[in-house]
Amino acid sequence: MTQSRGFAVVTGASSGIGYELARLCAEDGYDLLVAADEPEIHVAAEELRALGHAVTALELDLAREDDIARLIEHVDRPVDLLLANAGRGLGRAFVDQDIYEIRRVIDTNVTGTVVLVHEIARRMRERGSGRILLTGSIAGFMPGSYQAVYNATKAFVDSFSWALRDELLETGVSVTCLMPAPTDTKFFERADLLDTDVGEDDSKEDPADVARTGYKAMMSGEAGVVSGMSNKLQAAIAHVTPSSMLARRHRKMAKPHGE
Ligand SMILES: NC(=O)c1ccc[n+]([C@@H]2O[C@H](COP(=O)([O-])OP(=O)(O)OC[C@H]3O[C@@H](n4cnc5c(N)ncnc54)[C@H](OP(=O)(O)O)[C@@H]3O)[C@@H](O)[C@H]2O)c1
């Protein structure tokens, strides 16, 4: 085992973008604390361990306050990198969704993220160093018909990231927002979005490329990054398009076929 470069905490590291982010941290020489909600996190941890550094895996639900407290308890050394990536989507019309599932999206993407970042950012500021990467989304730029709550949570994360970055300027702590476009992960299946245009689209981004873009931006202290040139253009256009038009366009992408 080569000498560790530091300590990284990655949430949602069992699959998709989070797994690839954790892999980049491990390849770069960081010890890891990885967390996710299902037993697969232990499989991911085993693969990450093979890259040569210490990896602790926690199976916990970031939508639950007691589980976030358990995660924080395990952060028993200075954190150099915090990658707050865990998140979940939820398709279908808002009034047809289950209120428990709706709350779980908010509690994971917003409350869980905020509580974790609050504690770790505070410790980083005391120490005068650290890097935070938040996984927001380009979904945060557009009202998400047929994924209304999810897009609203990502608008929160995108906005929160820019504000926190500003507050922490000159403290030695940098905050970066990764804003992926549709990416080929389990996200769409889990969000019940497979029978939609966006779910069926086979030109989604590769999660390894998206993670590389985010990791590089975090390590160079950039404020925010959208992965992929055409997505950058789409994001720029969204900023000057009326919300009603964006919602209408989103309906086309996310409305289940046959509804
Ligand atoms: N895929 C896209 O098109 C896309 C686009 C923009 C932004 N994003 C964002 O990227 C992030 C990663 O998503 P992904 O696309 O990589 O999807 P993914 O493969 O489904 O990964 C989501 C990760 O978050 C974890 N997670 C979800 N809910 C959790 C909870 N309550 N407690 C603990 N862990 C939880 C999952 O763990 P378990 O498997 O254990 O539940 C998994 O490790 C999310 O924040 C998502 O909103 C995705």
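Colleague: Any chance you could break down the layout of surface pockets for me, citing the residues and the numbers?
Modeller: Of the volumes computed, that of the largest pocket is approximately 860 Å³. Around the largest pocket, the lining comprises 45 residues; the ones closest to its centre are G87, R88, Y150, T185 and F187. Those elements that place two or more of their residues in the lining of the largest pocket are α1 (16–27), α4 (99–127), α5 (148–167), α6 (187–190) and α10 (243–254). Its boundaries defined by the atoms lining it, the second largest pocket holds a volume of some 230 Å³.

Colleague: Tell me what's going on with the pairing of strand β2 (residues 30–36), and back it up with residues and numbers.
Modeller: In terms of burial, β2 is largely enclosed, as seven of its seven residues are buried. Examined bridge by bridge, strand β1 (residues 6–11) and β2 share six bridges and lie parallel to one another. When the sheet's bridge partners are listed, V10 is paired in β2 with V34. Following the backbone out of β1, through α1 and into the adjacent parallel β2, one traces a crossover that is right-handed. Pairing of β2 with strand β3 (residues 55–59) involves five bridges; the strand directions are parallel. Following the sheet pairing, L32 is matched in β3 by V55. Crossover connection from β2 via helix α2 (residues 40–49) to parallel β3: handedness right-handed.

Colleague: Describe in detail the packing of aromatic side chains, supporting the description with residues and values.
Modeller: Under the criterion given, the structure shown has three aromatic pairs. The interplanar angle of 25° and the centroid separation of 6.0 Å between the aromatic rings of F156 and F160 together place this pair among those described as stacked. In this pair, F156 and F160 both sit in helix α5, four residues apart, roughly one turn of the helix. Through a chain of ring-to-ring contacts, the aromatic side chains of Y150, F187 and F188 assemble into a single cluster. Over the face of the ring belonging to F188 we find K204, whose NZ or CZ atom lies 4.7 Å from the ring centre.

Calculation rules
Residues numbered from 1 in each chain as written. Predicted model: local features only at pLDDT ≥ 70, side-chain atom pairs only at ≥ 80, totals over all residues. Heavy atoms only, no water. 1 Å grid on protein atoms, 1.4 Å probe; cavity = no way out; pocket = protein on both sides within 12 Å on 5 of 7 lines; lining within 4 Å. Points joined across faces, edges and corners; volume = space filled by probe spheres on them. Helix = DSSP H or I, 4+ residues; strand = E, 2+ residues; numbered from the N terminus. Buried < 20%, exposed > 50% of the residue type's maximum accessible area, 1.4 Å probe, protein only. Pairing = 2+ DSSP bridges. Right-handed = clockwise from strand over helix to strand, strands pointing away. Phe/Tyr/Trp six-rings, centres within 6.5 Å; stacked < 30°, edge-to-face > 60°. Lys NZ or Arg CZ within 6 Å of the ring centre and 35° of its normal.

Read these as geometric descriptors, not functional statements.
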